[in-house]
Amino acid sequence: MLLLNRRAVLQAGAAAALVPSLGRAAPASFEVFNGSPIAEYVASTMIVGDESLAVIDAQFTKADAMLLADQIAATGKRLETIFVTHIHPDHMMGLVVLRARFPEARVVAHPAVAELLSQIGKDIFALRQELAGYAATDEWIAPDPLQGPLTLEGESFEVLDPMVGDTALVTPVHLPQFDALVASDVVYSGTPVWVAETITPETIAAWQGSLDRLDAIGASTVIAGHDGEIAYEGTAIDYTRGFLARWEEALANSNDRASLTAAIRDVVGVDPQNFFMRFALNAVYPE
């Protein structure tokens, strides 16, 4: 089975070869689907078993969620679980599309993430829905707290404790059976990085610490929360480290909106009109 992202990060045969003999059937493969540029190629990861599958994150736009749903349906397997890694709408606005196609699937998140979403999720959804316009989904679905480990057909996958990424509570998922790590929005690759919530040395240092923690796991495959088409020769973790370092330099050497705009272009190396960077600029120097 081929992976679904544009660069085919791993062939399913290679993934299957990494599965240890555990005395029972293990999930056969995992697959990555990257959405369209409107959401900076947000990632959804499918863990595919013999008869069922789980999905980590649910896409942003209606169109991308429908494509993901088509890929799920094409497996001929039952969607058992949709796991949401954090509160950002680009990873969960597609829930309504997936639940419409697969009404028996449970929607869950780490208890801390589920609790935060119960408090502020509707407001965040409404704001992003307004910004996304026609591309947005039209119904808010709140995940239930995950009870126990994330499982599929007798296999358990490690949901890491919440850590700082592009927001305060991100929960990557370690797939040791595949020597892989679904890093969610602690790690980016080939796209601008959402740094609108990371505008102080303290928050940047906390995110860098999370990168160190993920790097220490030593997974051979790291699935970034957003994986775009900007060529980069290093690892996704290194890509994110470098972007944050340039962002910190831009902040340190800017004292007004105009100078930060220039630094985003010249130091960070991103068009200041990029959707993510406009939010970051407004977070530091509101219009």
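In case you missed it, the structure is sitting above this.
Attention here is on the structure that accompanies the text. Since the structure is predicted, the reported quantities are computational estimates derived from the model, not experimental observations.

Some words on the packing of helix α7 (residues 257-268) against helix α8 (residues 275-284)
When two helices pack together, their arrangement is given by the angle between their axes and by how far apart the axes lie.
(1) Moving on: Where α7 meets α8, the closest approach of the two axes is 10 Å, and the angle between their N-to-C directions is 150°. The angle between α7 and α8 falls in the class roughly antiparallel. The handedness of the crossing between α7 and α8 is right-handed. Along its contact with α7, which presents Arg257, Leu260, Thr261 and Ile264, the element α8 presents Met277, Leu281, Asn282 and Val284.
(2) Moving on: By residue class, the composition of the contact of α7 with α8 is 5 nonpolar, 2 polar and 1 charged.

Things to note about the sheet that holds strand β5 (residues 106-109)
(1) Moving on: With mixed pairing, the 6 strands of this open sheet are ordered in space as β1-β2-β3-β4-β5-β6. Bordering the open sheet on either side are β1 (29-34) and β6 (144-145), each of which pairs with just one other strand.
(2) Moving on: One ladder, built from 6 bridges, connects β1 with strand β2 (residues 43-48); its direction is antiparallel. Bridge pairing in β2 places Val32 opposite Thr45.

So, the packing of helix α5 (residues 201-217) against helix α6 (residues 236-252)
(1) Moving on: Contact pair α5 / α6: the axes reach a minimum separation of 10 Å and the direction vectors enclose 170°. With respect to their mutual orientation, α5 and α6 come out roughly antiparallel. Here Pro201, Ile204, Trp207, Gln208, Leu211, Asp212, Leu214 and Asp215 of α5 lie close against α6, whose contacting residues are Ile237, Thr240, Arg241, Leu244, Ala245, Trp247, Glu248 and Leu251.
(2) Moving on: For the contact of α5 with α6, the class distribution of residues is 10 nonpolar, 2 polar and 4 charged.

Things to note about the pairing of strand β11 (residues 221-227)
(1) Moving on: Most of β11 sits out of view: 6 of its 7 residues are buried.
(2) Moving on: Relative to β11, strand β10 (residues 180-189) is paired through 6 bridges, and the arrangement is parallel. Looking at β11, one finds that Ser189 is bridged to Asp227.
(3) Moving on: Handedness of the crossover joining β10 and β11 through α5: right-handed.

Concerning the environment of Val267
(1) Moving on: Note that Val267 resides in helix α7.
(2) Moving on: Looking at Val267, the relative accessible area reads 27%, which means it is partly exposed.
(3) Moving on: Residues Val267 and Phe243, spaced 24 residues apart in sequence, show a C-alpha to C-alpha distance of 9.6 Å.
(4) Moving on: When sequence neighbours within four positions are dropped, the list of residues in contact with Val267 reads Arg246, Glu249, Ala250 and Ala262.

Quick look at the nonpolar core
(1) Moving on: Residues Val186, Val187, Val195, Trp207, Leu214, Trp247 and Met277 are the most contacted members of the largest nonpolar core, which totals 35 residues.
(2) Moving on: Broken down by secondary-structure element, the contributors of at least two residues to this core are β10, α5, α6, α7 and α8.
(3) Moving on: Examining the composition of this core, we find that 8 residues originate from one element, α6, more than from any other.
(4) Moving on: Those residues in contact with Val195 that lie beyond four places of it in its chain are Trp207, Phe243, Leu244, Trp247, Met277 and Ala280.
(5) Moving on: Among the nonpolar cores identified, the runner-up in size contains 28 residues, and Met46, Ile87, Leu95 and Val96 belong to it.

Details of the pairing of β5
Looking along a regular strand, one sees the side chains alternate between the two faces of the sheet.
(1) Moving on: In this sheet, β5 lies alongside strand β4 (residues 78-84) in parallel orientation, the contact comprising 4 bridges. Within β5, the residue paired with Thr81 across the bridge is Arg106.
(2) Moving on: With helix α3 (residues 95-101) bridging β4 and the parallel β5, this β-α-β connection has right-handed handedness.
(3) Moving on: Note: β5 against β6, 2 bridges, orientation parallel. By the bridge assignment, Ala109 is partnered in β6 with Pro145.

With respect to the pattern of salt bridges
(1) Moving on: In the structure shown here, the tally under the stated rule is 7 salt bridges.
(2) Moving on: Here Glu80 makes a salt bridge to Arg78, at a shortest N to O gap of 3.2 Å.
(3) Moving on: Take Arg78: its relative accessible area is 44%, and that puts it in the partly exposed class.
(4) Moving on: Look at the salt bridges and you will find they share partners, linking Asp212, Asp215, Asp238 and Arg241 into a network.

Re the sheet that holds strand β9 (residues 173-175)
(1) Moving on: Taken in spatial order, the 5 strands make up an open sheet running β7-β8-β9-β10-β11, and their pairing is mixed. The strands lining the two open edges of the sheet, one partner per strand, are β7 (150-152) and β11. Adjacent strand axes in the sheet meet at a mean angle of 35° when their direction is disregarded.
(2) Moving on: Set on the sheet, α5 makes contact with β9 and β10; between it and β10 the angle comes to about 155°.

Brief notes about the side chain of His110
(1) Moving on: Note that His110 resides in the loop between β5 and α4 (111-132).
(2) Moving on: One polar contact links the side chain of His110 to the main-chain amide nitrogen of Ala112, over a distance of 3.0 Å.
(3) Moving on: When residues no more than four places from it in sequence are discounted, the contact partners of His110 are Phe83, Val84, Leu146, Val159, Leu160, Asp161, Pro162 and Thr171.

Conventions adopted
- Residues numbered from 1 in each chain as written.
- Predicted model: local features only at pLDDT ≥ 70, side-chain atom pairs only at ≥ 80, totals over all residues.
- Heavy atoms only, no water.
- Axes fitted to C-alpha atoms, helices over the stretch in contact; angles between N-to-C directions.
- Helix = DSSP H or I, 4+ residues; strand = E, 2+ residues; numbered from the N terminus.
- Parallel < 35°, antiparallel > 145°, perpendicular 65-115°, else oblique.
- Left-handed = near helix turned anticlockwise from the far one by under 90°.
- Contact = heavy atoms within 4.5 Å.
- Nonpolar A, V, L, I, M, F, W, Y, C, P; charged D, E, K, R; others polar.
- Pairing = 2+ DSSP bridges.
- Buried < 20%, exposed > 50% of the residue type's maximum accessible area, 1.4 Å probe, protein only.
- Right-handed = clockwise from strand over helix to strand, strands pointing away.
- Core = buried A, V, L, I, M, F, W, Y, C linked by side-chain atoms within 4.5 Å.
- Salt bridge = Lys/Arg side-chain N within 4 Å of Asp/Glu carboxyl O.
- Polar contact = N/O pair within 3.5 Å; in protein donor to acceptor, adjacent residues only side chain to side chain.

So, to be careful, I would describe these as geometric facts and stop short of saying anything about function.
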